[in-house]
Amino acid sequence: SNSSITKSTRYGTNLSGYIRYYAPFSHSSSDNVGKRVDTKNGVIRAVLDPTKTFFDGALTISGGVYVHRTFAGARPLPGVKEQRDWRIYLYPRASYQLTDTFQPYVAYFNDWEHVRLDTTRQGAGRWQSFNDKHNLEIGFDWQPVAGLNVTPYLEYGPTFVPRNSTVGLIAEYAFL
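Keep in mind that this is a model prediction, so the values were computed, not measured.

Undergrad: Just checking my understanding: could you explain the environment of Val150 for this structure?
TA: On the secondary structure map, Val150 appears in strand β9 (residues 148-156). Taking the C-alpha atoms as reference, Val150 lies 4.5 Å from Ala171; in sequence the two are 21 residues apart.

Given below as C-alpha cells:
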C-alpha cells in the first residue's frame, strides 16, 4: 500500500492505493467451488483513490476505484451458467471536516461485474450490473479518542425503501 503515490500540497491533491491478495482459507472459499462466486484460488483487490481538497482542507472529494479479480477453482457446477471473475466498484465521496474529530460524508456506489462462461454468449463472458446498483451512502467519521475511528452509515438506492437499505457501523482502532 502507498498512502501517497503522488501528492501536491500546492494543489491539494493526492493519489493513494494498494494491492491486496485474499488467501482462500475460509469455509466460504471451499463451500463455493463451482458456484457463481468461486474464490477457491483467492481474490486480488487493487484500489486507487484520487483526492482533492478545498477550503484549506475542510472539504475533500475522492474518487475511489476498487478492482477485484476472482480466481475460480473449478468449472461451473451443473445449473451454474456463469461465474463472476471481475468486479469494479466506483465509490466517489465528499466529506467535510466540521471539527477535528467529526467529518460527515456523502458517497455514491456502483459496480460493474464481468461474468464468464455465459451460455448466451458462447462462453466468452459479458459485463453487467452498472445500471442496476446505484446506491447513496450518508454517514460520518468520528474519532472520539486517539487511535479509534467510528463510522456509522446508511446506504440505500436507487430509491429509499427501508427494507432495501443498509445500516452499518465500522469501528477501527490503531494499536501502533
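From this point, the narrative continues.
Undergrad: What is the right way to read the pairing of strand β6 (residues 102-116) from this model?
TA: Remember that side chains alternate between the two faces of the sheet whenever the strand is regular. Direction of pairing for strand β5 (residues 83-96) relative to β6: antiparallel, over a ladder of ten bridges. Each bridged residue has a counterpart across the sheet, and for Leu90 the counterpart in β6 is Asn110. Between β5 and β6, which pair antiparallel and follow one another directly, the connecting turn spans five residues. For β6 and strand β8 (residues 135-142), the ladder comprises eight bridges, and the chain directions are antiparallel. Looking across to β8, one finds that Phe102 is bridged to Trp142. With three bridges connecting them, β6 and strand β7 (residues 126-128) associate as antiparallel partners. Bridged to His114 within β7 is Trp127.

Undergrad: Whenever I open this one, the environment of Thr151 confuses me. Can you help?
TA: The residue Thr151 is located in strand β9 in this model. Judged by relative accessible area, Thr151 falls into the buried class, the value being 7%. For the pair Thr151 and Phe102, spaced 49 residues apart in the sequence, the C-alpha separation amounts to 9.9 Å. Not counting chain neighbours up to four residues away, the residues in contact with Thr151 comprise Tyr105, Phe140, Asp141, Gly168, Leu169 and Ile170.

Undergrad: What is the right way to read the nonpolar core from this model?
TA: One recurring pattern in soluble globular proteins is that nonpolar side chains are buried together. Grouped together as the largest cluster of nonpolar side chains are five residues: Tyr89, Tyr91, Tyr105, Ala107 and Phe109. If you list the elements that add at least two residues to this core, you get β5 and β6. In this structure, Tyr91 is in contact with Ser62, Gly63, Gly64, Tyr66, Tyr105, Ala107, Tyr108, Phe109 and Glu137, ignoring residues within four places of it in sequence.

Undergrad: Would you take a moment to explain the side chain of Ser16 for this structure?
TA: You can see Ser16 is positioned in strand β2 (residues 13-22). Residues contacting Ser16, with those up to four places away along its chain left out, are Asn2, Ser3, Ile5, Val47, Leu48 and Asp49.

Undergrad: Where do I start with a nonpolar patch on the surface in this structure?
TA: Side chains of Phe54, Phe55, Ile61, Tyr96 and Leu98 sit close together on the surface and give an oily, nonpolar patch of about 510 Å² of accessible area. On the secondary structure map, Phe54 appears in strand β3 (residues 43-54).

Undergrad: Hey, could you run me through the packing of aromatic side chains in this one?
TA: The geometry of an aromatic ring pair is captured by two quantities: the separation of the ring centres and the angle between the planes. What the rule picks out here adds up to four aromatic pairs. Taken together, the ring pairs in this structure connect Tyr66, Tyr89 and Phe109 into an aromatic cluster. When the ring centre of Tyr105 is taken as reference, the NZ or CZ atom of Arg93 above it lies at 3.8 Å.

Undergrad: What is the right way to read the pattern of salt bridges from this model?
TA: Two side chains carrying opposite charge are able to pair once their charged atoms lie near each other. In total, this model carries two salt bridges according to the counting rule given. In this structure, the salt-bridge partner of Asp111 is Arg87, at a minimum N-O distance of 2.5 Å. Taken as a pair, Asp111 in strand β6 and Arg87 in strand β5 lie far apart in primary sequence, 24 residues in all. With respect to burial, Asp111 and Arg87 carry one shared label: buried.

Criteria and thresholds
Residues numbered from 1 in each chain as written. Predicted model: local features only at pLDDT ≥ 70, side-chain atom pairs only at ≥ 80, totals over all residues. Heavy atoms only, no water. Helix = DSSP H or I, 4+ residues; strand = E, 2+ residues; numbered from the N terminus. Pairing = 2+ DSSP bridges. Buried < 20%, exposed > 50% of the residue type's maximum accessible area, 1.4 Å probe, protein only. Contact = heavy atoms within 4.5 Å. Core = buried A, V, L, I, M, F, W, Y, C linked by side-chain atoms within 4.5 Å. Patch = residues over 30% accessible without salt bridge, like charges linked within 9 Å, V, L, I, M, F, W, Y side chains within 5 Å. Areas by Shrake-Rupley, 256 points an atom, 1.4 Å probe, with all protein chains shown as cover. Salt bridge = Lys/Arg side-chain N within 4 Å of Asp/Glu carboxyl O. Phe/Tyr/Trp six-rings, centres within 6.5 Å; stacked < 30°, edge-to-face > 60°. Lys NZ or Arg CZ within 6 Å of the ring centre and 35° of its normal.

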